[in-house]
2 protein chains.
Amino acid sequence: MPTNRKPRVTIDQVAQATGVSRQTVSRAINNKSEIDPETRRRVLDAAQAMGYRPSRFARGLVRQDLITVGLVIADVLNPFFPEVTAGVLEAAERRGWQVVVYNTGSERRKELEVVDMLFDQVDAGVAFLLHHEAIAKATAGNLPFVLLDKGGRAPAVPGVRIDFEGGARRGLEYLIDRGHRRIAMLDDEAYLSAEAQNTRRELYLKVMGEHGIPVDVDWIQPAHNSIDGGAAAMERLLSAHRDVTAVFAYNDLIAIGAQLRARALGLRVPEDCAFLGFDGLSIGELVEPPLTTLHIDKRRLGEIAVEQAALLLGGMSEDEIPEAVIEPQLVVRASA
Amino acid sequence: MPTNRKPRVTIDQVAQATGVSRQTVSRAINNKSEIDPETRRRVLDAAQAMGYRPSRFARGLVRQDLITVGLVIADVLNPFFPEVTAGVLEAAERRGWQVVVYNTGSERRKELEVVDMLFDQVDAGVAFLLHHEAIAKATAGNLPFVLLDKGGRAPAVPGVRIDFEGGARRGLEYLIDRGHRRIAMLDDEAYLSAEAQNTRRELYLKVMGEHGIPVDVDWIQPAHNSIDGGAAAMERLLSAHRDVTAVFAYNDLIAIGAQLRARALGLRVPEDCAFLGFDGLSIGELVEPPLTTLHIDKRRLGEIAVEQAALLLGGMSEDEIPEAVIEPQLVVRASA
DNA sequence: TGTCTCTCCGTGAGCGCTCACGTGAGCGGT
DNA sequence: ACCGCTCACGTGAGCGCTCACGGAGAGACA
């Protein structure tokens, strides 16, 4: 696919065609003063006719403003990310920044690729990154870089931390308080290959342990991060443990899929099996019964990240960036 | 908010610090040949230490490749758009293009603003635009511009047409065939202020008329384009026409809200009232009963738009762009 | 010793634009 | 006639980089 671009029309060509100088054309285009209205019109008409459009590169080169941030997410189709994106877009717009979006699908190869690309193309990066090589690469360079979920990583890398530990604890203790003991977990399979630390699965193991509830590994089912993935995992779970009374899901998407499938298989929710999600997606309100979940303020998450990027861009060093934590809130609806 | 950027480190500064020439630094940075490995390492180390990062503007100025397209959507939070975005991102990535995202909220002021911005910042635009002034402005300039829903507009403006007429007809006739006569419509209120033509509302009026079913204007309720908006509109509708037997919604979001509220008010779906959506969002499968809808291949829509933008960028004139139509498909689930 | 190749490196030009000037014409005031 | 001013416009420089060269030095071979 040879995208043979048509040659660029330059400001000089417009100038020549109109019989004026570069500068006069520039004045016309940028709506500046010191130009005769009649001349402006002539120039503008010629520019229009010739298909002239100023080169953003030449412009950007001389005017050192206009900032572009790269937003790296796993998957636009996962409703979690649009909410974060909304926060990022809004905060960026307030600052007059542009936002370029990249999808990684949580694949290691793509994450690395995207990080590489970022270095060339943007002034700052704001990213969800799963694989620690990608994170290392991203934070090693000279590009201001903010992690949208820095997890348990060293404080030196700027970013927002989502307090999964607090959230998971609140959620699981809620389930335990309600009398549940046979609590399964549906984990995101993407974390199997990533050497992340302090994952929701580990927290699950930890909290359960603290409450003296032993869990066998097959109480943890990996699921693709989607509704269908949750459904499939639930089915596997049920065939191994029909007596499960509650499911703690990696996130709402998986929880919703699981709950849907459970109901399709004849279970009553929450009487036979309760479901607890994580993320607080608005689609959790659509299912029956509405999903109880640990709500994360995703919009705020995006905003904070942009603010941190702004500080970095302003020259603040990475370890001066204030610590930011998002606290998941238990939202009790009806599924648990 | 004075984002006092730290002064840029240039290639010359790195060159000076390392005691080599610009070109050698360039060779090191871009991983080219004709450079001693030892020198490369020294340069790279210095660059890293000095916080050097090549200016994308200077680069872009000399290498005329690297293309950026602007994607203009109404609202990232509306699940319709992420799907389109996914298609756009994918198609853009295949071409090595970047995608900058802009939100308009369907407001006239913001649409105009965004279009203005686009002209400065991108090489091509791909957009959902509601207000015809914004569309006029966008297509008048020299920027390759593709409409993601060109509606009934002149063929000269490139873009994808979604065959709402065919879709609406298929949907409404399905309802009529099933015996419905008192069919209400829940319209998107944003279209009240926009002078769009060939809207879903007009099609509703037309098809109903063709079947000899007279409709009073208060069978059409405007709704905010959201689930809550649909719910509120449904409540208004019911207070005027408790005897409605079917609802044709502007889109799935509104349909879902309406259906949810109807059920909350004690109506059985579809026995007492049937619901028909438009868009084919995947969240329509989550509600009970699953939503019958006119499915639009949103991903494909995004892809086609990018392909058209590529043709435009390649120098093809606007009227040579092949006509592209997306045909909505009736997906019968259980709500109607 | 000459010269031929190969490796490594530097130099000038130019991408398209804006900024800070400089300039000349026109005009009113004294 | 002179000054001073405004208005409209042009000129040179430079933003930071890459590309196409050109050239020095080292080693190989006659």
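Calculation criteria
Each chain has its residues counted from 1, running along the sequence as written. Both sets of labels track the order of writing: A upward for chains, 1 upward for ligands. Since the coordinates come from a predicted model, pLDDT governs what is reported: local features require at least 70, and pairs of side-chain atoms require 80 or more to be given and counted, while whole-chain, interface and lining totals use all residues. Water and hydrogen atoms play no part in the side-chain values, which are based on all heavy atoms of the structure. Being near a molecule or strand, for a residue, means having at least one of its heavy atoms within 4 Å of it. Here a polar contact is recorded for every N or O atom pair within 3.5 Å, except that within protein the pair must consist of a potential hydrogen donor and a potential acceptor, and residues adjacent in sequence are included only if both atoms are side-chain atoms. By the criteria applied, helices consist of DSSP H or I runs no shorter than four residues and strands consist of E runs no shorter than two, each listed in order from the N terminus. Ten residue types, Ala, Val, Leu, Ile, Met, Phe, Trp, Tyr, Cys and Pro, are classed as nonpolar, four, Asp, Glu, Lys and Arg, as charged, and the remainder, Gly among them, as polar. Scored from 0 to 100, pLDDT records how confident the predictor is in each individual residue. UniProt positions are given in the numbering used here, feature names are shortened, and annotations may be inferred rather than shown by experiment. Buried residues are those whose accessible area, probed at 1.4 Å on protein chains only, stays under 20% of the maximum for their type, while exposed residues exceed 50% and partly exposed ones sit between those limits. To superpose the copies, least squares is applied to the C-alpha atoms of every residue with a pLDDT of at least 70 in both. The contact criterion used is simple: two residues touch if any of their non-hydrogen atoms lie within 4.5 Å.

Going by an unreviewed UniProt entry, chain A carries the name LacI family transcriptional regulator and comes from Planotetraspora phitsanulokensis.

(A) Broad picture of the protein's contact with DNA strand D. Around DNA strand D, the structure places 30 residues, and the nearest of them are Thr24(A), Thr39(A), Ile11(B), Lys32(B) and Tyr52(B). Here, DNA strand D places atoms within 4 Å of the protein, and 62% of those atoms are sugar or phosphate. Interatomic distance of 2.6 Å between a side-chain N/O atom of Thr39(A) and a phosphate oxygen of DNA strand D. Within the residue set of the surface near DNA strand D, elements represented by two or more residues are α2 (22-29) and α4 (56-62) of chain A together with α2 (22-29) and α4 (56-62) of chain B. In terms of residue class, the surface near DNA strand D is built from 10 nonpolar, 11 polar and nine charged.

(B) The confidence of the model for chain A, seen in detail. Chain-level pLDDT for chain A is 91 on average; 96% of the residues reach the 70-or-more range. By mean pLDDT, helix α9 (residues 190-193) of chain A is the weakest element of chain A at 78, and strand β10 (residues 292-295) of chain A is the strongest at 98.

(C) Spotlight on the UniProt feature "domain: HTH lacI-type" (unreviewed entry) in chain A. This chain's UniProt record puts "domain: HTH lacI-type" (unreviewed entry) on residues 9-63 of chain A. The span residues 9-63 of chain A is 67% helical and 0% strand by assignment, and the distance between its end C-alpha atoms comes to 20 Å.

(D) Looking closely at the UniProt feature "domain: HTH cro/C1-type" (unreviewed entry) in chain A. In the numbering used here, UniProt assigns the feature "domain: HTH cro/C1-type" (unreviewed entry) to residues 10-39 of chain A. From the first C-alpha to the last, residues 10-39 of chain A spans 18 Å; its make-up is 63% helix and 0% strand.

(E) Focus on the environment of Arg170(B). All names here are of chain B. By the element assignment, Arg 170 lies in helix α8 (residues 164-177). Residue class for Arg 170 comes out partly exposed when judged on its relative accessible area of 34%. The sequence separation of Arg 170 and Gly 302 amounts to 132 residues, and the corresponding C-alpha distance is 24 Å.

(F) Just the relation of the copies chain A and chain B, in detail. Structural alignment of chain A on chain B gives an RMSD of 0.0 Å, achieved by rotating through 180° and translating 0.0 Å along the axis. With respect to symmetry, the two chain copies, as superposed, fit the operation of a two-fold axis.

(G) Looking closely at the environment of Val215(B). Residue and element names in this part refer to chain B. Examined against the element boundaries, Val 215 turns out to sit in the loop between α10 (200-210) and β7 (220-223). Each C-alpha atom, one on Val 215 and one on Tyr 204, is 9.4 Å from the other, the two residues being 11 residues apart in sequence. Once residues within four sequence positions are removed from consideration, Val 215 is found in contact with Ile 183, Tyr 204, Leu 205 and Met 208.

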